[in-house]
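Spelled out from the first residue to the last, the chains are:
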Amino acid sequence: MLSRLALRARTTTTTQTPTGLISPMIQRRLYHPKVIDHYTHPRNVGSLDKKALNVGTGLVGAPACGDVMRLQIQVNDDTGIIENVKFKTFGCGSAIASSSYMTEMVKGMSVNDAFLIKNTQIAKELSLPPVKLHCSMLAEDAIKAAINDYKSKRTTKTVLT
């Protein structure tokens, strides 16, 4: 699987050269080593108890490509610091790498600071090509959804009797 992810080569066209020979032109697309590292050795894969009051869950997907990402945060209620992060992603290597990198970024960060993370930070760090930017957008959407879920559990609801 690594070789398929690391390098995809295909013949795109043949052209006439000045000498009259026909030569195939090969187009290669390479994933950045950081993407390959996070894809082959993802960090913080797993689940947290979604019923716990200090756990927020974000579930997002991209219908166009079929990627689905679930990211969960466990927050220290006294400090507002994200103490644990888990993810499960079904998708391409860039989506998995974006999720894995996001978990590393937010662990130890305050909820407010984590909410400010932009997909461009992830895309830049992983050197994602423009065609894969939606993967970093999913990661941004996932952390925001997880934080919103956590905050919704923290608000006290008034019960009318």
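Residues numbered from 1 in each chain as written. Predicted model: local features only at pLDDT ≥ 70, side-chain atom pairs only at ≥ 80, totals over all residues. Heavy atoms only, no water.

1. Here's the deal with the overall build of the protein chain
Consideration 1: Within the protein chain one finds six helices and five strands.
Consideration 2: Counting over 161 residues, the protein chain shows a buried share of 40%.
Consideration 3: For the protein chain, the accessible surface area stands at approximately 9500 Å², while carbon and sulfur atoms represent 57% of it. (Helix = DSSP H or I, 4+ residues; strand = E, 2+ residues; numbered from the N terminus. Buried < 20%, exposed > 50% of the residue type's maximum accessible area, 1.4 Å probe, protein only. Areas by Shrake-Rupley, 256 points an atom, 1.4 Å probe, with all protein chains shown as cover.)

2. Remarks on the pattern of salt bridges
Consideration 1: Using the criterion set out here, one finds six salt bridges in the structure.
Consideration 2: R43 is the partner of E104 in a salt bridge, and the nearest nitrogen-oxygen pair spans 3.2 Å. Of this pair, E104 sits in helix 3 (residues 93–106) while R43 sits in the loop between helix 2 (33–40) and strand 3 (55–62); the two residues are 61 residues apart in sequence, bridging distant segments of the chain.
Consideration 3: Judged by its relative accessible area of 38%, E104 falls in the partly exposed class.
Consideration 4: Residue classification places R43 among the partly exposed positions, given a relative accessible area of 24%.
Consideration 5: The partner of E140 in a salt bridge is K144, and the shortest N-O contact between them spans 2.9 Å. Here E140 pairs with K144, and both are found in helix 6 (residues 133–154), just four residues apart, close to one helical turn.
Consideration 6: Relative accessible area serves as the criterion here: at 16%, K144 is assigned to the buried category.
Consideration 7: Through salt bridges that share partners, D37, R43 and E104 make up one connected network. (Salt bridge = Lys/Arg side-chain N within 4 Å of Asp/Glu carboxyl O.)

3. Considering the pairing of strand 4 (residues 67–75)
Consideration 1: Relative to strand 4, strand 3 runs antiparallel, the two being bridged by eight bridges. Paired with G58 across the strands is L71, a residue of strand 4.
Consideration 2: From the end of strand 3 to the start of strand 4, which pair antiparallel, there are four residues, and G66 there has a positive phi angle of about 90°.
Consideration 3: With eight bridges joining them, strand 4 and strand 5 (residues 82–90) adopt antiparallel strand pairing. Paired with Q74 across the bridge in strand 5 is N84.
Consideration 4: Adjacent in sequence and paired antiparallel, strand 4 and strand 5 are bridged by six residues, among which G80 carries a positive phi angle near 75°. (Pairing = 2+ DSSP bridges.)

4. What about the environment of L53?
Consideration 1: Considering the arrangement of structural elements, one finds L53 in the loop between helix 2 and strand 3.
Consideration 2: Separated by 99 residues in sequence, L53 and S152 place their C-alpha atoms 9.5 Å apart.
Consideration 3: Those residues within four positions of L53 in sequence are excluded, and the remaining contacts are Y150, K153 and R154. (Contact = heavy atoms within 4.5 Å.)

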